[in-house]
Amino acid sequence: MFIEQPPWFYRALFPGTIWRIPGKEKCVYLTFDDGPIPGITPWVLDVLEKYNVKATFFCVGDNVRKYPEVFRMILERGHRIGNHTYNHIQGIQYWTKNYMANVEKAAEVIQSDLFRPPHGHMRRPQVFRLRKKYRIIMWDVVTRDYSPHMTSKGVFNVVKNYTRNGSIIVFHDSVKAERNIRGALPKAIEWLQEQGYTFKLFD
Ligand SMILES: [Zn+2]
């Protein structure tokens, strides 16, 4: 529960960050972290296209460097991108200066005003520094698709059990998550559409 849907007191640790954006009508924000990865990100893009859904990809700068053609596909298909640092580093393990340098290095290849911290960890000074340049997009539902202990059915159930109006939902287009998203993502999108959710992009 704590992981799948962070409680208010956890959210309060990071002032001015965005966890959920309820709309007048039921909506969700699909997000994919840690790509771009060949074979996985293009598969996600095909699924999204099949269901006519737009999403936001929080990319790792070093992956953009390695796989620029996959990164271009994300943009060409009309999705939104965000900065997820250059080396997927955890804020609590770095001095703010070094953390920000890694974010800036990623910004050279990822032009975006959106940022999501890897592992959800940031020191307070990092939050304040980041907020000057970025909207910090956290999450309302973590599918735990990256976990080796999860099944695709489990991932689908997280979406069913925790999604509400305005939920920002986290998936991963990563090697670790591949097995689970291949089973869960199409079903999750179908279920959300059946429930009347529309899929929105951050303004
Ligand atoms: Zn990540």
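Everything discussed here concerns the structure shown above.
To keep things clear, this report deals only with the structure shown in the data block. What you are looking at is a predicted structure, and each value in this text was computed from that prediction instead of being measured.

## Topic: the overall build of the protein
Reasoning step 1: Summing up its helical and strand segments, the protein has 8 helices and 8 strands in all.
Reasoning step 2: Taking 2.2 N^0.38 as the reference for a compact globule, 203 residues should give roughly 17 Å; the C-alpha atoms of the protein span a radius of gyration of 16 Å, in line with that estimate.
Reasoning step 3: Judged by the C-alpha coordinates and their principal axes, the protein covers about 45 × 40 × 35 Å.
Reasoning step 4: Buried positions account for 58% of the 203 residues belonging to the protein.
Reasoning step 5: Long-range pairs, those at least 24 residues apart, make up 76% of the contacts in the protein with a sequence separation of at least 6.
Reasoning step 6: When the 30 positive and 19 negative side-chain charges of the protein are each reduced to one mean point, those points stand 6 Å apart.

## Remarks on the coordination of the zinc ion
Reasoning step 1: At this site the zinc ion is bound by Asp34 (OD), His84 (NE2) and His88 (NE2), with donor distances of 2.1 Å.
Reasoning step 2: Between the donor residues of the zinc ion, the gaps in sequence give the motif D-x49-H-x3-H. You can see Asp34 sitting in the loop between strand E1 (27-33) and helix H2 (41-50) and its partner His84 sitting in the loop between strand E3 (80-83) and helix H5 (96-107), a full 50 residues away along the chain. Side by side, Asp34 and His84 carry an identical accessibility label, which is buried.

## So, the nonpolar core
Reasoning step 1: Membership of the largest hydrophobic core comes to 41 residues, with the highest contact counts inside it found for Leu30, Phe32, Leu48, Phe57, Phe171, Ile189 and Leu192.
Reasoning step 2: Sorting the residues of this core by element identifies E1, H2, strand E2 (56-59), helix H4 (68-76), helix H7 (152-162), strand E7 (167-172) and helix H8 (178-194) as the ones contributing at least two each.
Reasoning step 3: Considering every element that reaches this core, the biggest residue donor is H8, with 7 residues.
Reasoning step 4: Phe57 has contacts with Phe32, Thr41, Val44, Leu45, Leu48, Ile74, His79, Arg80, Ile81, Gly82 and Asp173, leaving out every residue within four places of it along the chain.

Quick notes on the rules
Residues numbered from 1 in each chain as written. Predicted model: local features only at pLDDT ≥ 70, side-chain atom pairs only at ≥ 80, totals over all residues. Heavy atoms only, no water. Helix = DSSP H or I, 4+ residues; strand = E, 2+ residues; numbered from the N terminus. Rg over C-alpha atoms; globule rule 2.2 N^0.38 Å. Buried < 20%, exposed > 50% of the residue type's maximum accessible area, 1.4 Å probe, protein only. Contact = heavy atoms within 4.5 Å. Lys, Arg positive; Asp, Glu negative; His and termini not counted. Charge placed at Lys NZ, Arg CZ, Asp CG, Glu CD. Donors = N, O, S within 2.8 Å, 3.2 Å for Na, K, Ca; no water. Core = buried A, V, L, I, M, F, W, Y, C linked by side-chain atoms within 4.5 Å.

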